[in-house]
Structures are given as C-alpha cells and as structure tokens.
Amino acid sequence: GVGVSLAAPMPRGAGGLKRALGSLRVTDGAVSPDGRWVALLTYGRIVRYALRAPGPPGVPTRSLADAFASQPVETPLPDDLEQAEAIAYGPDGRLY
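Bear in mind the structure is a predicted one, so any value in this text is a computation, not a measurement. Note that residues are indexed from 1 along each chain, following the sequence as it is written. Thresholds applied to this predicted model are a pLDDT of at least 70 for local features of residues and 80 or more for the giving and counting of side-chain atom pairs; totals over whole chains, interfaces and linings are not thresholded and use all residues. Neither water nor hydrogens contribute to the side-chain values; these are computed over all heavy atoms in the structure.

Asks: How should the overall build of the protein chain be read in this particular structure?
Replies: Looking only at helices and strands, one finds 2 helices and 4 strands in the protein chain. Elements are defined by DSSP. Helices are runs of H or I of four residues or more, strands are runs of E of two residues or more, and each kind is numbered from the N terminus. Along the protein chain, from the amino end to the carboxyl end, the secondary structure elements read α-β-β-β-α-β. For the protein chain, the residues scored as buried account for 31% of the 96 residues in total. Considering only residue pairs separated by 6 or more positions, the protein chain has 50% of its internal contacts joining residues 24 or more positions apart. Under the convention used here, a 1.4 Å probe and the Shrake-Rupley method define accessible areas, while residue burial counts only the protein chains that appear. As presented, the protein chain carries roughly 6,000 Å² of accessible surface, and 53% of it is formed by carbon and sulfur atoms. The buried label applies to any residue whose accessible area, calculated with a 1.4 Å probe on protein chains only, is under 20% of its type's maximum; exposed applies above 50%, and partly exposed to all values in between. Two residues form a contact once any of their heavy atoms are found within 4.5 Å.

Asks: Got a minute to help me understand the environment of Val-73 in this structure?
Replies: By secondary structure assignment, the location of Val-73 is in strand β4 (residues 73–76). It is 10.0 Å that separates the C-alpha atoms of Val-73 and Trp-37, two residues lying 36 residues apart in sequence. If near-sequence neighbours (up to four positions away) are discounted, Val-73 is found in contact with Trp-37, Ile-46, Val-47 and Arg-48.

Asks: Can you help me understand the side chain of Thr-42 in this one?
Replies: Relative to the helices and strands, Thr-42 resides in strand β2 (residues 37–42). The class of Thr-42 is buried, set by a relative accessible area of 3%. Setting aside anything within four residues of it in sequence, one finds Thr-42 in contact with Leu-24, Arg-25, Val-26, Val-47 and Leu-77.

Asks: Quick question: what am I supposed to make of the pairing of strand β3 (residues 45–50) here?
Replies: Walk down a regular strand and you will see the side chains alternate between the two sheet faces. Only when DSSP finds a minimum of two bridges between them are two strands counted as paired. Here β2 runs beside β3; their pairing, made up of 6 bridges, is antiparallel. Bridge assignment links Val-38 to a residue of β3, and that residue is Tyr-49. With antiparallel pairing between neighbouring strands as the criterion, β2 and β3 make up a hairpin whose turn holds 2 residues, including Gly-44 at a positive phi of roughly 105°. Relative to β4, β3 runs antiparallel, the two being bridged by 4 bridges. Paired with Ile-46 across the two strands is Thr-75, which belongs to β4.

Asks: How do you make sense of the pairing of strand β1 (residues 26–31) when you look at a structure like this?
Replies: Bridge analysis of β1 against β2 gives 5 bridges, and the strand direction is antiparallel. Counted as the bridge partner of Asp-28 is Leu-41 from β2. Hairpin connection between β1 and β2: a loop of 5 residues separates the two successive antiparallel strands, and Gly-35 in this loop has a positive phi of roughly 75°.

And the structure:
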C-alpha cells in the first residue's frame, strides 16, 4: 500500500467529509495499490475518487478532501451484492 489512511482528518475549510460525500452511506473504503484511487463502498454502488494522475506508483497528489470534492466514478453493484459491507483492492488493482 501507499500508507494512505481513510481515517485521516479532513482539513478545515475543505468542506469536511460529510459535506464532500453528501448523503452517501459508506460501509467501507480502500486505496488502490498504486495510490491512484480511493474506493468507497455504499449500499448499491462503488464510488471511486482519483487521488492522483496516472503514472508511476507514489504518494498521492491530492488530499482526501480534494479527492472527495472531485467528480467520482460510480459503478453499480451487481444485484447479488446489494448489501455488501466490505471492499478491498487486490495486488493487481482489481476491486473485491
């Protein structure tokens, strides 16, 4: 991993996590192995936010507050996973 904690405090003045995520009911989150994405699992979909631009692995170039304030990539969950409670990235970058 890249050492990014989803429990990191949100900077003051950035709108806060609640304002940035709105009414999303997040059950879990994960950071991709290359540090490019943070994925949040909600009831019914996966919401991914870019932490950095494509390129070699390294430290994210955006704070979580900035990432959560950007336009997410949303993926609906398959019908058989509508109540999923956990998410993780595998070493190959695939979500599980």
